[in-house]
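Spelled out from the first residue to the last, the chains are:
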Amino acid sequence: MMLTPLARCGVAAAVLSLTLCIPTPRAHATAPGPDVSGRAGHAGHAGHAGHAGHAASEAAANAGAELVAARAAEAARGTGGPAFRACPAVEELPSPVRCATLRVPLDYARPDGPQIPLTVSRVAATRRGGAVRQGALLYNPGGPGASGMFFPLMAGLPEWERIGAAYDLVGYAPRGVGRSAPLSCEDPAGRAKGPTQVPAEPSAAYKQQRVAAARAYALGCAQRAGAALPYFTTLDNVRDLHVLRAALGEEKLTFLGASYGTYLGAVYATLHPAHVRRMVLDSAVNPDPRRIWYLNNLDQAPGFERRWYDFRAWAARHHAAYRLGATPEAVRASYERVRDAVARTPAGGAVGTGELQAAFLQAAYYDDVWPELAAALSAFLAGDPGPLAEQAGPAPESAAARENARAVYTAVLCNDAAWPAEWETWDRDNTELARRAPFETWANAFLNLPCAYWPVHERQQPVAVGEQPVPAGARPAALPRTLIVAAERDGATPYPGALELQRRLGAEAALVTEEGAGAHGVVGGRNDCVDRHVERYLLTGDTSGWRVTCAPHPEPAPVSLDDRAARGPGKVPRALLPPVV
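All values derive from a computational prediction rather than experimental measurement. Residue positions are given per chain, counted from 1 along the sequence in the order it is written. Only residues with pLDDT of at least 70 get local features here, since the model is predicted, and only at 80 or more are side-chain atom pairs given and counted; chain-wide, interface and lining totals rely on the full set of residues. Values reported for side chains reflect all heavy atoms of the structure, with hydrogen atoms and water molecules removed beforehand.

Enquirer: I tried to follow unusual backbone geometry on my own but got confused; where do I start?
Expert: Glycine aside, the phi torsion of most residues is negative, and most peptide linkages are trans. The omega torsion across S95 and P96 is 15°, close enough to zero to call that bond cis. Secondary structure is summarised from DSSP: a helix means a run of H or I of at least four residues, a strand means a run of E of at least two, and numbering begins at the N terminus for each. Within the fold, P96 resides in the loop between β1 (85-86) and β2 (98-105). Cis rather than trans, the peptide bond between I292 and W293 has omega equal to -5°. Of note, W293 is situated in the loop between β7 (276-282) and α6 (294-317). With a phi angle near 60°, R323 is a residue other than glycine that sits in the positive phi range. Within the secondary structure layout, R323 lies in the loop between α7 (319-322) and α8 (328-344). Note on exposure labels: buried denotes an accessible area under 20% of the residue type's maximum, exposed denotes more than 50%, and partly exposed covers the range between, all computed with a 1.4 Å probe on protein chains only. Residue R323 is classed as exposed on the basis of its relative accessible area of 58%.

Below, the structure written as structure tokens:
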């Protein structure tokens, strides 16, 4: 996964998968350092006692979540649940969107202990055309670290009209995000302002600089979050979702999750199958517990490399518009000329090689940005650095939100599972990987490196998705039909992850594949065929087959420099949904 400054509406990123031949990492030991573990039973003991303590702690937290959810359901029956009213100005959500705050325990093992707020947004079902309200559709955009507060705005889009007629559209900011007990690991004002210069091939000395930076970042998380740091996990996010479902008066969850949100939904379905109604999982994380999260992040590199090639091949097909080269190799040479130039003289005084890399990672996520990125390269090589500075330059107004998103992303992934604690393991694995997939390997590695030095010693144990924990003598609850959606060439969540998720969720899980496409986040306006399958499933429960395919959505048309100038800054069409992370 990678956080990038180009995403102005949410912080674009993604986490996750693809089976490839990489060296097997050494045992995932946790790193020495200050321990801020605060969970009951998380004493960091080795061996059987440590596992027993962890299991007891999780059992207590799960019991606490059931208690809090039962209380929330009772309150919903009595008062109608959270008090929704006009949204605060800071949310920038106009009427008819309404906002509320739900309070949940920081530590579910202490359900009556310290509470934290979760901000929630909602648009009521319109019931247009005589539609019958089917309940609330909850959305998580992934990250982890992204806010779904914008989601109710989708009710105003034609693609969502029938769904919005039948469902309340409900978004929320997960714990740590936005105004939901915001997490921070460093002072945004103290961060390097740029431009940043990142070598194409990191030297030993540069790697040690990044090791030191990763240690400092992990320490900053511990110092700024304190005893709360261990409570930013997928399991805690699942518990929050369980309580939110109950607080909304819903006996069963109807859920749309994207990217990391697919993993959240899959874990919820595993732990609470009797409380699942319908579930759409868009751009699936590989849920194999052995790949959470170190191997999953290594797995992204070949996927991003493929999508980087796809962008270059598209630009080459439109050489007449951009003059970047008539082959993918020639387009890469043009990009490297720009890279060399901004290494010497940053574009607009603010875009160095680091900013350039982050901006062009967006090409691996979303093909709707290809025209503006190609136009920026073309303009730069023609002597105009303005478009590149505009697209890749810093956005001071979103600095705090980006810092918050990175903090939550790091905390959840580092807390969720053990990571290699020795730099030698990271160096070996990523050096080998970069030989085959150089585009994003090292940037991704350095983003995740704080997990090697994470100060929470007792990490979570990833849930085996699809394997229900069933008490002795009890019968497992049947999981209802679910719908997985995936793009065949997705770089952020490569396609094998969708196949693994379908296998684990069982015979009732259906898969819709957008063939030959790679944009991350398929649902919501890119592909009419995909959207028809999703709409039919949400409205009727029909998945139209175990595995079905859709033709790819159209590639973007080239935008000439003249066309771009005519549209003006910020007027290039984008995907209907904000970036999915």
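Enquirer: What should I look at first to understand the sheet that holds β7 in this one?
Expert: Strand order in the open sheet formed by ten strands is β1-β2-β3-β5-β4-β6-β7-β8-β9-β10, and the pairing between neighbours is mixed. Bordering the open sheet on either side are β1 and β10 (547-550), each of which pairs with just one other strand. Looking at chain direction, strand β6 (residues 253-258) and β7 are connected through six bridges and run parallel. Considered in β7, the bridge of F255 is made with M279. Two residues form a contact once any of their heavy atoms are found within 4.5 Å. To get an axis, a line is fitted to the C-alpha atoms, and for a helix only the part in contact is used. The angle between two axes follows their N-to-C directions and goes from 0 to 180 degrees. Running at roughly 130° to β2, helix α4 (residues 234-247) makes contact with β2, β3 (115-123), β4 (135-140), β5 (167-172) and β6 of the sheet. Here, strands pair whenever DSSP counts at least two bridges between them.

Enquirer: Would you mind showing me how to read the environment of A407 here?
Expert: Turning to its location among the elements, A407 is positioned in helix α12 (residues 399-416). Owing to a relative accessible area of 0%, A407 belongs among the buried residues under this scheme. Sequence-wise, A407 and P182 are 225 residues apart; in three dimensions their C-alpha atoms are separated by 9.2 Å. Look past the residues within four positions of A407 in its chain and what remains in contact with it is L183, S184, C185 and Y217.

Enquirer: Help me understand the packing of α6 against helix α14 (residues 441-448), please; the structure alone is not making it clear to me.
Expert: It is the contact of α6 with α14, at a shortest axis distance of 9 Å, that shows an interaxial angle of 155°. Compared by their axis directions, α6 and α14 come out roughly antiparallel. Taken as a pair, α6 and α14 cross one another with a handedness that is right-handed. For the pair α6 and α14, the contacting residues are N297, Q300, A301 and F304 in the first and T441, N444 and N448 in the second. Of the residues in the contact of α6 with α14, the class split is two nonpolar, five polar and no charged. Orientation categories follow fixed angle ranges, with anything under 35 degrees roughly parallel, anything over 145 roughly antiparallel, 65 to 115 roughly perpendicular, and all other angles oblique. Crossing handedness follows the turn of the near helix against the far one: under a right angle anticlockwise gives a left-handed crossing, and clockwise gives a right-handed one. Each residue is assigned to one class: nonpolar for Ala, Val, Leu, Ile, Met, Phe, Trp, Tyr, Cys and Pro, charged for Asp, Glu, Lys and Arg, and polar for all the others, Gly among them.

Enquirer: I would appreciate a short explanation of the pattern of salt bridges in the present structure.
Expert: Pairs can form between side chains of opposite charge whenever their charged atoms are close. We define a salt bridge as a side-chain nitrogen of Lys or Arg found within 4 Å of a carboxyl oxygen belonging to Asp or Glu. Scanning the model with the defined rule gives 25 salt bridges in all. A salt bridge links E58 to R239; the nearest nitrogen and oxygen atoms lie 2.6 Å apart. Here E58 is found in helix α1 (residues 47-79), whereas its partner R239 is found in helix α4, with 181 residues between them in sequence. Grouping residues by exposure puts E58 and R239 together as buried. Between K207 and D427 there is a salt bridge; the shortest N-O distance is 2.8 Å. Of this pair, K207 sits in helix α3 (residues 204-225) while D427 sits in helix α13 (residues 423-436); the two residues are 220 residues apart in sequence, bridging distant segments of the chain. Judged by its relative accessible area of 12%, K207 falls in the buried class.

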